[in-house]
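The primary structure of each chain is shown beneath.
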Amino acid sequence: MDDRLAFEDIRYDRPAARVARITLARPDKHNAQGLRMLYEINDALDIAMEDDDVNVVIVAADGKNFSSGHDLSDRSRIGDLRLPVLGFGGYRHPGPQGHMSREQEVYLGFCWRWRNLPKPIIVAVQGKAIAGGLMLIWPFDLIIAADDAEFSDPVVAFGMNGHEFFVHAFELGHRKAKQMLLTGEPIRAEEAKALGMVNEVVPRAELEGFTLAMAEKIASRPAIGLKTAKMSVNQSMDAQGLWNAIQSAFNLHQFGHANNYALHGQLVDPAGLETIRREARASRKDEA
Ligand SMILES: C/C=C/C(=O)SCCNC(=O)CCNC(=O)[C@H](O)C(C)(C)COP(=O)(O)OP(=O)(O)OC[C@H]1O[C@@H](n2cnc3c(N)ncnc32)[C@H](O)[C@@H]1OP(=O)(O)O
């Protein structure tokens, strides 16, 4: 057995011929993404890419919510878990310098790498995908949403511009991107589909089966056609300046952390967390 399959925060399985599936498996924390989860996803994607019997990958999540974003309680450090795979280096520098290196590795680096992998990757989303949770969705190719899915990036409340893989305007159009960021409010599944951000919306109970059926259909096609079609669409977005836009926003993101560091002695404005939690509680009351 491949040693890398001994995962803790995800599962890797093969639910159908030529289909691999990665499942986020921390439902008690709403699939908050600590370093371990991010490195495990990266390893699992490597396994799927190296396997010539896999044509398509599904990314799914256990539990009520797809992901609550970065694990705000994670105190592990790059190098505690395994050697860095992208090697930006400088992770141990204090303050914003080291923080920027770490975010280049585990957020920007991973997301851009995942976005450019040669096989199609389909994400199945239910419940909330908050801030960094979008980084486990937007790098991938097709998005199937349950009818209860909602997408938000409320981190302006932390004094930040948004999460680190800044493709918001490409995903939503510039006006909706601004609304999402400036208000912190979620975009729900049907609206996300109308905006072209989500491919299909299905009842929650049908999410797994629908996604698997689509994956099997795609997986029956030749790998070279899948790879070149994916690359061609990606390159048309590259030609519109996607990568340059992402990097510019990443630099502003680092400025935001440095500013918070200077003002609050930490990388985010601590008042923001309470704002986000209060608004999440209020939205649950509205739903009840
Ligand atoms: C640039 C920055 C990017 C980022 O991604 S920053 C992170 C942004 N995300 C958030 O701020 C999300 C905060 N979490 C929430 O708003 C709520 O949670 C939810 C709406 C997701 C769920 O609410 P409910 O159903 O009431 O569950 P619960 O009691 O709040 O959470 C259950 C357990 O999950 C932990 N948890 C939730 N989100 C995170 C997280 N992002 N990082 C670490 N832990 C998290 C809690 O603390 C708690 O834990 P325990 O059971 O031990 O008390």
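You'll find the protein entered in an unreviewed UniProt entry as Enoyl-CoA hydratase, with Novosphingobium fuchskuhlense given as the organism.

Caption draft 1: Geometry of the overall build of the protein. For the protein, the count of helices and strands is nine helices and nine strands. Taking 19 Å as the expected radius of gyration for a compact globule of 288 residues, we find that the protein reaches 18 Å, a close match to that expectation. Considering only C-alpha atoms, the protein reaches an extent of 55 × 45 × 40 Å along its principal axes. Sorting the 288 residues of the protein into buried and exposed places 48% on the buried side. Only carbon and sulfur atoms are counted for the fraction: they give 53% of the accessible area of the protein, which is about 13,600 Å². Of the side-chain charges in the protein, 33 are positive and 39 negative, and the distance between the mean point of each set is 2 Å.

Caption draft 2: Seen up close, the site of the ligand. Neighbouring residues of the ligand: 22 residues in total, closest Lys-29, Ser-68, His-70, Leu-72 and Gly-132. A distance of 2.8 Å is found between a nitrogen atom of the ligand and a backbone nitrogen or oxygen belonging to Ser-68. Note that an oxygen atom of the ligand is positioned 2.9 Å from one of the backbone N or O atoms of His-70. Within the complex, 74% of the 980 Å² of free accessible area of the ligand lies under protein. For the shell around the ligand, the elements supplying multiple residues, two or more each, are strand S5 (128–130) and helix H9 (271–287).

Caption draft 3: Structural context of the environment of Asp-269. Summarising the element assignment, Asp-269 is placed in the loop between helix H8 (242–264) and H9. The spacing of Asp-269 and Met-160 is 109 residues in sequence and 8.4 Å in space, taken between C-alpha atoms. Those residues within four positions of Asp-269 in sequence are excluded, and the remaining contacts are Ala-157, Phe-158, Gly-159, Asn-260 and His-264. Polar side-chain contacts of Asp-269 include one of 3.0 Å to the backbone nitrogen of Ala-271.

Caption draft 4: How the structure looks around the packing of helix H1 (residues 35–50) against helix H2 (residues 95–115). At a minimum axis separation of 11 Å, H1 and H2 run at an interaxial angle of 20 degrees. Compared by their axis directions, H1 and H2 come out roughly parallel. Helix-helix and strand crossings are classified by hand; for H1 and H2 the assignment is left-handed. Between H1, through Leu-35, Leu-38, Tyr-39, Ile-41, Asn-42, Leu-45 and Asp-46, and H2, the contact on the second element is made entirely by Glu-105, Val-106, Tyr-107, Phe-110, Arg-113 and Trp-114.

Caption draft 5: Quick look at H2. Between its first and last C-alpha atoms H2 spans 29 Å; for 21 residues at 1.5 Å apiece the expected length is 30 Å, and the two agree. The sharpest bend along H2 reaches about 40 degrees and sits at Gln-104. With 15 of its 21 residues buried, H2 lies for the most part within the structure.

Caption draft 6: Molecular detail of the pairing of strand S6 (residues 142–146). Along S6, four of the five residues are buried, which leaves the element largely enclosed by surrounding structure. Of the pairings in the sheet, the one linking S6 to strand S9 (residues 200–202) comprises three bridges and is parallel in character. Opposite Ala-145, over in S9, you have Val-201 as the bridge partner.

Caption draft 7: Representation of the packing of aromatic side chains in the model. Here the structure, examined in full by the defined rule, presents four aromatic pairs. Aromatic pair Tyr-39 and Phe-110: ring centres 5.1 Å apart, planes at 80 degrees, arrangement edge-to-face. Note that Tyr-39 is positioned in helix H1 and Phe-110 in helix H2, a separation of 71 residues in sequence. You can call Phe-110 buried: its relative accessible area is 0%. Summarising the aromatic geometry, the rings of Trp-114 and Phe-140 are spaced 6.0 Å apart at their centres and angled 15 degrees between planes, so their arrangement reads as stacked. Of this pair, Trp-114 sits in helix H2 while Phe-140 sits in the loop between S5 and S6, placing them 26 residues apart in sequence. The pair formed by Trp-114 and Phe-140 is uniform in burial state, with each residue classed as buried. Cluster of aromatic residues (ring-pair linked, three or more members): Tyr-39, Phe-110, Trp-114 and Phe-140.

Procedures and definitions
- Each residue is numbered by its place in its chain's sequence as written, counting from 1.
- Whole-chain, interface and lining totals are the exception, using all residues; otherwise, since this is a predicted model, local features are given only for residues with pLDDT of at least 70 and side-chain atom pairs are given and counted only at 80 or more.
- To obtain the side-chain values, all non-hydrogen atoms of the structure were included, while hydrogens and water were left out.
- Where helices and strands are cited, they refer to DSSP runs of H or I of at least four residues and of E of at least two residues respectively, numbered from the N terminus.
- Radius of gyration here is computed from C-alpha atoms only, and the compact-globule reference equals 2.2 Å multiplied by the residue count raised to the power 0.38.
- Partly exposed residues are those whose accessible area sits between 20% and 50% of the maximum for their type, while under 20% is buried and over 50% is exposed, using a 1.4 Å probe and protein chains only.
- A 1.4 Å probe and the Shrake-Rupley method give the accessible areas. Residues count as covered only by the protein chains that appear here.
- For the purpose of charge, His is not counted, nor are the chain termini; Lys and Arg are scored as positive and Asp and Glu as negative.
- Note that the charge is assigned to NZ on lysines, CZ on arginines, CG on aspartates and CD on glutamates.
- Here a residue counts as near a molecule or strand whenever at least one of its heavy atoms sits within 4 Å of it.
- Here a polar contact is taken to be a pair of N or O atoms separated by no more than 3.5 Å, where protein atoms must pair a possible hydrogen donor with a possible acceptor and residues adjacent in sequence count only if both atoms sit in side chains.
- Contacts are assigned to residue pairs with any non-hydrogen atoms lying within 4.5 Å of each other.
- Between N-to-C directions, angles cover 0 to 180 degrees, with each direction set by a line fitted to C-alpha atoms, over the stretch in contact for helices.
- Any angle that falls under 35 degrees is termed roughly parallel, while one over 145 is termed roughly antiparallel, one within 65 to 115 roughly perpendicular, and all others oblique.
- Here a crossing is taken to be left-handed if its near helix is turned anticlockwise relative to the far helix by less than a right angle, and right-handed if that turn runs clockwise.
- Given a helix with a known number of residues, its expected span is that number minus one, times 1.5 Å.
- To obtain the bend at a residue, axes are fitted to the seven residues ending there and to the seven starting there, and the angle between these axes is taken.
- Should DSSP find at least two bridges between two strands, the strands are regarded as paired.
- Each pair of aromatic rings taken from Phe, Tyr and Trp, with Trp reduced to its six-membered ring, is defined by centres within 6.5 Å and is described as stacked if the planes are under 30 degrees apart, edge-to-face if over 60, and tilted in the remaining cases.

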